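Given next are the chains, with one letter for each unit.
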Amino acid sequence: KQEVTQIPAALSVPEGENLVLNCSFTDSAIYNLQWFRQDPGKGLTSLLLIQSSQREQTSGRLNASLDKSSGRSTLYIAASQPGDSATYLCAVVRNQAGTALIFGKGTTLSVSS
Amino acid sequence: DTGVSQNPRHKITKRGQNVTFRCDPISEHNRLYWYRQTLGQGPEFLTYFQNEAQLEKSRLLSDRFSAERPKGSFSTLEIQRTEQGDSAMYLCASSRGTGGFGEQFFGPGTRLTVL
């Protein structure tokens with residue numbers, strides 16, 4: 001059974017810091033991995049998708065990496081801003097048939113000005 | 001591309017009542033998913049449609065839950081005889097069948113409170 005773990009559960013940093021959020025999964029046979037952002041009481045916003053054949057994806061100040069063999073992904077946020085404060089969720093898809101995303105519990109980030 | 005929409009955004013009901021939620025996916029997406037999220041947890045999969053066919057159901061989807069997607073467009077999720085444990089955020093997502101590498105896009109959710 002696939003399990004996704006995110007560490008740390010919460011993180012507080014001052015504005016301007018670079019930071020790394022971690023995601024690990026128990027079964028390396030994944031189709032892709034998605035990182036999401038969720039603001040309190042809101043839905044999920046897709047940030048980055050990494051296909052199983054890729055090693056990393058970049059969007060603006062965000063960079064996500066994937067190491068299938070070790071069952072790990074990281075989300076790197078450069079030059080953090082107060083507007084980055086949110087919960088970040090990592091999720092994996094088992095296969096191309098398009099079935100369920102399996103989520104971690106998320107990392108809640110707080111960036112202070 | 002107007003995104004995934006869900007209605008209502010909030011629903012308060014009394015225990016034992018039936019409730020129905022609606023999801024309108026992104027227009028060219030033929031895959032539609034329902035998830036449930038409780039406080040402090042990541043979303044948990046409930047069910048999945050490809051076009052009008054319901055292809056997968058989680059064991060979380062008890063007999064009181066039913067989902068439909070007539071004509072492969074919008075979807076409804078009905079909960080009968082609601083219980084306080086059903087209180088959660090219900091999220092809908094959609095994705096393309098081919099291409100897009102399975103990226104799922106989520107709606108704003110429906111927050112259900114069962115009193």
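Residue positions are given per chain, counted from 1 along the sequence in the order it is written. Whichever chain is written first becomes A and whichever ligand is written first becomes 1, with later ones labelled in order. Restriction of local features to residues with pLDDT of at least 70 applies here, the model being predicted, together with a cutoff of 80 or more for giving and counting side-chain atom pairs; totals for whole chains, interfaces and linings are based on all residues. Side-chain figures throughout are based on the complete set of non-hydrogen atoms in the structure, without hydrogens or water.

Colleague: Just give me the short version of the interface of chain B and chain A, but keep the residues and values in it.
Modeller: The interface is formed by 22 residues belonging to chain B together with 24 residues belonging to chain A. Summed over both partners, buried area is the accessible surface (1.4 Å probe) that two parts give up on being assembled. In total, about 1800 Å² of surface goes out of reach between chain B and chain A, with carbon and sulfur atoms giving 51% of it. Every case where a carboxyl oxygen of Asp or Glu lies within 4 Å of a side-chain nitrogen of Lys or Arg is listed as a salt bridge. For the pair chain B and chain A, the number of links is 0 salt bridges. Considering every element that reaches the side of chain B that touches chain A, the biggest residue donor is strand S4 (residues 31–37) of chain B, with 4 residues. Across the side of chain B that touches chain A, the residue classes tally to 10 nonpolar, 7 polar and 5 charged. A contact between two residues is defined here by any heavy atoms of the two lying within 4.5 Å. The numbering of helices and of strands both runs from the N terminus, where a helix is a DSSP run of H or I of at least 4 residues and a strand a run of E of at least 2. As a working rule, the residues Ala, Val, Leu, Ile, Met, Phe, Trp, Tyr, Cys and Pro are called nonpolar, Asp, Glu, Lys and Arg charged, and the rest polar, with Gly in that last group.

Colleague: Would you mind going over the pairing of strand S9 (residues 86–93) of chain A in detail, with residue names and values included?
Modeller: All names here are of chain A. Only protein chains enter the area calculation, which uses a 1.4 Å probe; residues under 20% of their type maximum are buried, those over 50% are exposed, and those in between are partly exposed. Among the 8 residues that make up S9, 8 are buried, leaving the element largely enclosed by the rest of the structure. Here, any two strands with at least 2 DSSP bridges between them count as paired. In this sheet, S9 lies alongside strand S4 (residues 32–38) in antiparallel orientation, the contact comprising 7 bridges. When the bridges of S9 are listed, phenylalanine 36 appears paired with leucine 89. In terms of strand pairing, S9 meets strand S11 (residues 107–112) through 3 bridges, oriented antiparallel. Note that in S11 the partner of threonine 87 across the bridge is threonine 108. In the sheet, S9 pairs with strand S10 (residues 101–103) via 3 bridges, with the strands oriented antiparallel. Opposite valine 93, over in S10, you have leucine 101 as the bridge partner.

Geometry only, nothing functional implied.
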